[in-house]
Amino acid sequence: MTDVPRSIESVPFRKLRDITPVSRFGVGGTDLGIPCRVGDDVLYVFGDTFEGLSIGAGDWRSPVGLFGDRGGVVQRPAGPDRRRARQLLDYSHDTGRFTTILPTTCIEVDGALYLHTMRMQSLDTVVRTGLYRSDDGAETWREVAQYNAGHADGCWCMWALCPAPDGYTYNVSTGGLSRDKGLRLHRMRTETLGTLRDGIDVEWEPWGWRAETGWAWGNPPTDLSLGRGYGELSLSLVEGTWVLTYFDAAGYRIAARFADRIDGVWSDPVTLLHGSSWQDEDHAAGRVAQLYGGYLVPGSTLRSARLVVSQWNTAVGHPYKSMMFTGALRS
């Protein structure tokens, strides 16, 4: 991306540290690092992970989990092995039916963890998605639901989940890694999550528009009219404000939108980090080459937030890592 122009717009976020690699736990090259609060710790869930620093270098696992603090300092692997970060789900890569399983969002509800994943045939093709549950702090997982990736006009691949005080868990979703779709909104009674069992289809209630009713819950899922080009999503309720942070592939940046009601009017996007060329990147100034991700860390406030951002130099295979940035969502 050497032709990316240098931006003169200032941004509020600066780099705090690299989260990975963590070689002592067998984590070299990896990405994502989706954060989920688990008690006093944060579980960071990563995508395709390798022993070495580059894509394809050594033992291939996905998803992988590491426990750490809110600052991205890793303490131990998730799973039964305390010395090595093992693959959280029991499957083999490159089976012919799919190549890998990638995480998209992770939440904790009443002591149970819920991890949503995409089953990938290739980086451009999602076979289906699934929701996994852990009742033992991420040591073991079982799939409790499967979903058709083509639902909602193909905007049902990457999810962002957030339980709310009103008794619902809300779901903002978009397409897969082609990153060319808009957004859809669904919800489910949070208590229903605990009843999910693999093979029992429990639908999410969509938010949509019809001429007879206008916008209403239960209508077919409708594009939220917030543009296209969305990548990885993160949905949070921060000090009573809904916050959506995301990779804006169309704008080559990490951005945020805000709303007083999740089914209300969302703000225009605010740039948190700019994408840049490799020659122009400056993490202290908020310019990151080949960035993506953009997950808000639990415990963030509007004035003091932390964000997990990925970077992958696709030309040479590394750096391929997750990083922590810090700053204010709103001044």
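None of the values given here were measured: they were computed from a predicted structure. All residue numbers refer to position in the chain's written sequence, counted from 1. Predicted model: local features are reported for residues with pLDDT of at least 70 only, side-chain atom pairs are reported and counted for 80 or more only, and whole-chain, interface and lining totals are derived from all residues. Here the side-chain values reflect all heavy atoms present in the structure, with hydrogen atoms and water set aside.

J.: So what's going on with the sheet that holds strand β11 (residues 168-174)? Residues and values would help.
T.: Think of it this way: DSSP has to see at least two bridges between two strands before they count as a pair. In this description a helix means any DSSP run of H or I spanning at least four residues, a strand means any run of E spanning at least two, and both kinds are numbered starting from the N terminus. Read from one edge of the open sheet, five strands run β10-β11-β12-β13-β14, paired in antiparallel fashion. This sheet does not close on itself; its edge strands, each paired only once, are β10 (158-163) and β14 (214-217). When strand polarity is set aside, the average angle formed by the axes of neighbouring strands in this sheet is 25°. One ladder, built from six bridges, connects β10 with β11; its direction is antiparallel. For Ala160, the partnering residue across the bridge sits in β11 and is Val172. Helix axes are fitted to C-alpha atoms over the stretch in contact, other axes to C-alpha atoms as well, and angles between N-to-C directions run from 0 to 180 degrees.

J.: A description of the pattern of salt bridges should follow, citing residues and the corresponding values.
T.: The salt bridge definition used is simple: a Lys or Arg side-chain nitrogen within 4 Å of an Asp or Glu carboxyl oxygen. Per the counting criterion, the structure on display carries 22 salt bridges. A salt bridge links Asp18 to Lys321; its shortest N-O distance comes to 3.3 Å. You can see Asp18 sitting in strand β1 (residues 14-18) and its partner Lys321 sitting in strand β22 (residues 320-327), a full 303 residues away along the chain. Judged by its relative accessible area of 13%, Lys321 is buried. Arg76 is paired through a salt bridge with Asp41; the nearest N and O atoms lie 3.3 Å apart. Within this pair, whereas Arg76 is found in strand β5 (residues 74-77), its partner Asp41 is found in strand β3 (residues 41-46), the two being separated by 35 residues in sequence. Exposure categories follow from relative accessible area, calculated using a 1.4 Å probe and restricted to protein chains: below 20% of the type maximum is buried, above 50% is exposed, and the middle band is partly exposed. Here Arg76 falls in the partly exposed class, since its relative accessible area comes to 28%. Through salt bridges with shared partners, a single ionic network connects Glu51, Asp59, Arg61 and Arg84.

J.: Could you give an account of the environment of Pro206, with specific residues and numbers?
T.: Secondary-structure assignment places Pro206 in strand β13 (residues 205-210). The exposure class of Pro206 is buried, given its relative accessible area of 15%. Distance in space between the C-alpha atoms of Pro206 and Ala216 is 8.5 Å, their sequence separation being ten residues. In this description, contact between two residues means that some pair of their heavy atoms is separated by no more than 4.5 Å. Excluding anything up to four places from it in sequence, Pro206 contacts Leu185, His186, Ala216, Trp217, Gly218, Asn219, Pro220 and Pro221.

J.: How would you sum up the confidence of the model for the chain? Please name residues and give values.
T.: In the predicted model, the chain carries a mean pLDDT of 94, and 97% of its residues have values of at least 70. This stretch, residues 1-8, has a pLDDT under 50; its non-local contacts, to residues over four places away or in other chains, come to 13 contacts. Residue-level confidence of the predictor is what pLDDT reports, using numbers from 0 through 100.

J.: Tell me what's going on with the sheet that holds strand β19 (residues 287-289), and back it up with residues and numbers.
T.: With respect to topology, five strands assemble into an open sheet ordered β15-β16-β17-β18-β19, the strand pairing being mixed. Only two strands of the sheet have a single partner each, and these edge strands are β15 (230-238) and β19. Averaged over neighbouring strand pairs, the angle between their axes works out to 25° when direction is ignored. Inspection of the sheet shows strand β17 (residues 253-259) paired to strand β18 (residues 270-276) by four bridges, in the antiparallel sense. Each bridged residue has a counterpart across the sheet, and for Arg253 the counterpart in β18 is His274.

J.: How would you explain the packing of aromatic side chains if you had to name every residue and give the values?
T.: Aromatic pairing here means that ring centres of Phe, Tyr or Trp (its six-membered ring) are within 6.5 Å. Orientation follows from the plane angle: under 30 degrees is stacked, over 60 is edge-to-face, and everything else is tilted. Across all of its chains, the model carries 13 aromatic pairs by this definition. Between Tyr91 and Phe98, the ring centres sit 5.7 Å apart and the planes meet at 45°, which makes this aromatic pair tilted. Per residue, the accessibility class of Tyr91 equals that of Phe98, and both read buried. Measuring from centroid to centroid gives 6.0 Å for Tyr170 and Trp217, while their planes differ by 50°, and the two rings are tilted. Separated by 47 residues along the polypeptide, Tyr170 in strand β11 and Trp217 in strand β14 bring together distant segments of the chain. Here the aromatic residues Tyr168, Tyr170, Trp207, Trp215, Trp217 and Trp242 are joined through ring pairs into a cluster of three or more. The criterion is that NZ of a Lys, or CZ of an Arg, lies within 6 Å of the ring centre and within 35 degrees of the ring normal, and then a charge sits over that ring. The ring of Phe98 carries the charged tip of Arg119 above its face, separated from the ring centre by 4.5 Å. Positioned above the aromatic ring of Tyr168, the side-chain terminus of Arg187 is 4.0 Å from the ring centre.

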